[in-house]
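What the coordinates show
Next come the chains, spelled out residue by residue.
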Amino acid sequence: MGGIDMLIPVVEAVLSGAVFEDHCSPVSDTTTISFVASTCDHIAHVKTQSPYAITTVFVAIICDFIPAGFGISPLISLLRGIVLLFIIINVFGATSF
């Protein structure tokens, strides 16, 4: 696996890193807009977003980045990630508000 085969995992890594930083950084523009619009403390907003962002990063690492290094198809990795996120939501997700 090399060259063009590694393009998809590299693009995924860059984009997921950018989204993770955008949700977990207290100084990012969308975090600032969110806490100002909702009139809550900015650190409280980051703390509420972090579990979701960290969960998706771990799923991406386990289901995509590591398998990509072993040459597993991105389609198989995508299906594994969807299944794992579905399981996580059903096990740990809230049933009512």
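Residues numbered from 1 in each chain as written. Predicted model: local features only at pLDDT ≥ 70, side-chain atom pairs only at ≥ 80, totals over all residues. Heavy atoms only, no water.

For the rest of this paragraph, the subject is the overall build of the protein chain. Counting secondary structure elements, the protein chain contains 4 helices and 0 strands. Tracing the protein chain from N to C terminus, the helices and strands come up as α-α-α-α. A compact globule built from 97 residues should have a C-alpha radius of gyration of about 13 Å, whereas the protein chain, at 16 Å, is more than 25% larger. Each principal axis of the C-alpha distribution contributes one length, and for the protein chain these read about 50 × 30 × 15 Å. For the protein chain, with 97 residues in total, the buried portion stands at 19%. (Helix = DSSP H or I, 4+ residues; strand = E, 2+ residues; numbered from the N terminus. Rg over C-alpha atoms; globule rule 2.2 N^0.38 Å. Buried < 20%, exposed > 50% of the residue type's maximum accessible area, 1.4 Å probe, protein only.)

The phi dihedral of threonine 39 falls on the positive side, at around 50 degrees, and the residue is not glycine. Tracing the sequence through the fold places threonine 39 in the loop between helix 2 (29-37) and helix 3 (42-69).

To continue, consider a nonpolar patch on the surface. The grouping of Ile54, Phe58, Ile61, Ile62, Ile66 and Phe70 at the surface amounts to a nonpolar patch, some 620 Å² of accessible area in total. Taking relative accessible area as the criterion, isoleucine 66 reaches 45% and is therefore assigned partly exposed. (Patch = residues over 30% accessible without salt bridge, like charges linked within 9 Å, V, L, I, M, F, W, Y side chains within 5 Å. Areas by Shrake-Rupley, 256 points an atom, 1.4 Å probe, with all protein chains shown as cover. Salt bridge = Lys/Arg side-chain N within 4 Å of Asp/Glu carboxyl O.)

As a further point, take the confidence of the model for the protein chain. This prediction gives the protein chain a mean pLDDT of 84; 95% of its residues lie at or above 70. For the protein chain, the element scoring lowest by mean pLDDT is helix 2, at 83; helix 4 (residues 74-92) scores highest, at 91. (pLDDT = per-residue confidence, 0-100.)

This brings us to the side chain of aspartate 64. Structurally, aspartate 64 is set in helix 3. With no salt bridge to any partner, buried aspartate 64 finds its closest opposite charge in arginine 80, at an N-O distance of 9.0 Å. In this structure, aspartate 64 is in contact with Glu12, Val59 and Ser77, ignoring residues within four places of it in sequence. (Lys, Arg positive; Asp, Glu negative; His and termini not counted. Contact = heavy atoms within 4.5 Å.)

This next bit is on the state of the cysteines. Covalently bonding the sulfur atom of one cysteine to the sulfur atom of another cysteine gives a disulfide. One pass over the structure, following the stated rule, counts 0 disulfides. For cysteine 24, which is in no disulfide, the shortest distance to another cysteine sulfur is to cysteine 40 and amounts to 15 Å. Counting only cysteine sulfurs, cysteine 24 is the nearest neighbor of cysteine 63, a cysteine outside any disulfide, at a range of 19 Å. (Disulfide = S-S within 2.5 Å.)

Another aspect to go through is the side chain of serine 28. Turning to its location among the elements, serine 28 is positioned in the loop between helix 1 (7-24) and helix 2. There is a polar contact of 2.8 Å between the side chain of serine 28 and the backbone oxygen of aspartate 22. Those residues in contact with serine 28, other than ones at most four positions away along the chain, are Glu21 and Asp22. (Polar contact = N/O pair within 3.5 Å; in protein donor to acceptor, adjacent residues only side chain to side chain.)

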